[in-house]
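A look at the structure
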Amino acid sequence: MRKNEVIKLDKEYINQAIELSKEADFPYGAIIVKDNKIIGSSNMNTPVTKSAFAHAELKAIENAIENLGGYLCAEGGKGATIYSSCEPCAMCMGAILYTGIDRLVYAATLEDSMKAVNDILVKADKVANACSNRAIEIVHELEREKAVKVIEDWGKINNN
């Protein structure tokens, strides 16, 4: 696939993750794509208030595991890309690396999220660099402005 085709697909999929974030309880959305098919996604009602582990990336991974018949670990994630409306936190980045997913594309940064939602700031790159037995390509801040708007709008409504 040519680079401009990859960029076009990345924009299409990151925008789908951003759309999920608009309807979520918290302003985050994620999808996992393999062989140009969505194999996992967070749903619009990711219940973070019921579980500290119900982040969009983790929900997308769980959904992919269900859709693949209970398997997405190490080799199962090869060739897959996770698209997240926001840079994954350290916990989610660890799960992404564990699955063997070899590409991450995200929109907003953790700094963007800090302003409206929370104060977690362990960068995805730092976690990925510390995991020497897993290689992952990271595409930073694609369609960032769209995702930041969703986060800011959520913050205006929920932080009053």
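Look up: the structure comes first, before these words.
This text gives an overview of the structure that appears in the document.

About the thresholds
Residues numbered from 1 in each chain as written. Predicted model: local features only at pLDDT ≥ 70, side-chain atom pairs only at ≥ 80, totals over all residues. Heavy atoms only, no water. Phe/Tyr/Trp six-rings, centres within 6.5 Å; stacked < 30°, edge-to-face > 60°. Helix = DSSP H or I, 4+ residues; strand = E, 2+ residues; numbered from the N terminus. Buried < 20%, exposed > 50% of the residue type's maximum accessible area, 1.4 Å probe, protein only. Pairing = 2+ DSSP bridges. Axes fitted to C-alpha atoms, helices over the stretch in contact; angles between N-to-C directions. Contact = heavy atoms within 4.5 Å.

Structural notes on the packing of aromatic side chains
This structure, assessed with the given rule, holds two aromatic pairs. Judged by centre distance (5.3 Å) and plane angle (45°), the rings of Tyr13 and Tyr83 are tilted. One end of the pair, Tyr13, is in helix 1 (residues 3-23); the other, Tyr83, is in strand 3 (residues 80-86), with 70 residues separating them in the sequence. Residue Tyr83 is classed as buried on the basis of its relative accessible area of 3%. Aromatic side chains Phe26 and Trp154 sit 5.2 Å apart centroid to centroid with 35° between the ring planes, which places their arrangement in the tilted category. Here Trp154 lies in helix 6 (residues 144-158) and Phe26 lies in the loop between helix 1 and strand 1 (30-34), a separation of 128 residues in the sequence. A relative accessible area of 14% means that Trp154 is categorised as buried.

So, the sheet that holds strand 5 (residues 137-139)
Strand order in the open sheet made by the five strands is 2-1-3-4-5, with mixed pairing throughout. If you trace the sheet from one side to the other, it starts and ends with strand 2 (37-41) and strand 5, each paired once. Strand-to-strand twist across the sheet, computed as the mean angle between neighbouring axes with direction ignored, equals 20°. The sheet contacts of helix 1 involve strand 1, strand 2, strand 3 and strand 4 (103-108), and relative to strand 3 the element is tilted by about 50°. Contacts from helix 2 (residues 56-67) reach strand 1, strand 2 and strand 3, with the element oriented near 120° to strand 2.

Re unusual backbone geometry
One non-glycine residue, Glu141, adopts positive backbone phi at about 60°. Tracing the sequence through the fold places Glu141 in the loop between strand 5 and helix 6. The partly exposed category is assigned to Glu141, whose relative accessible area is 36%. Even without being a glycine, Glu143 presents a positive backbone phi close to 60°. Position of Glu143 relative to the elements: it lies in the loop between strand 5 and helix 6. A residue is classified by how much of its surface remains accessible, and Glu143, at 17% relative accessible area, is buried.

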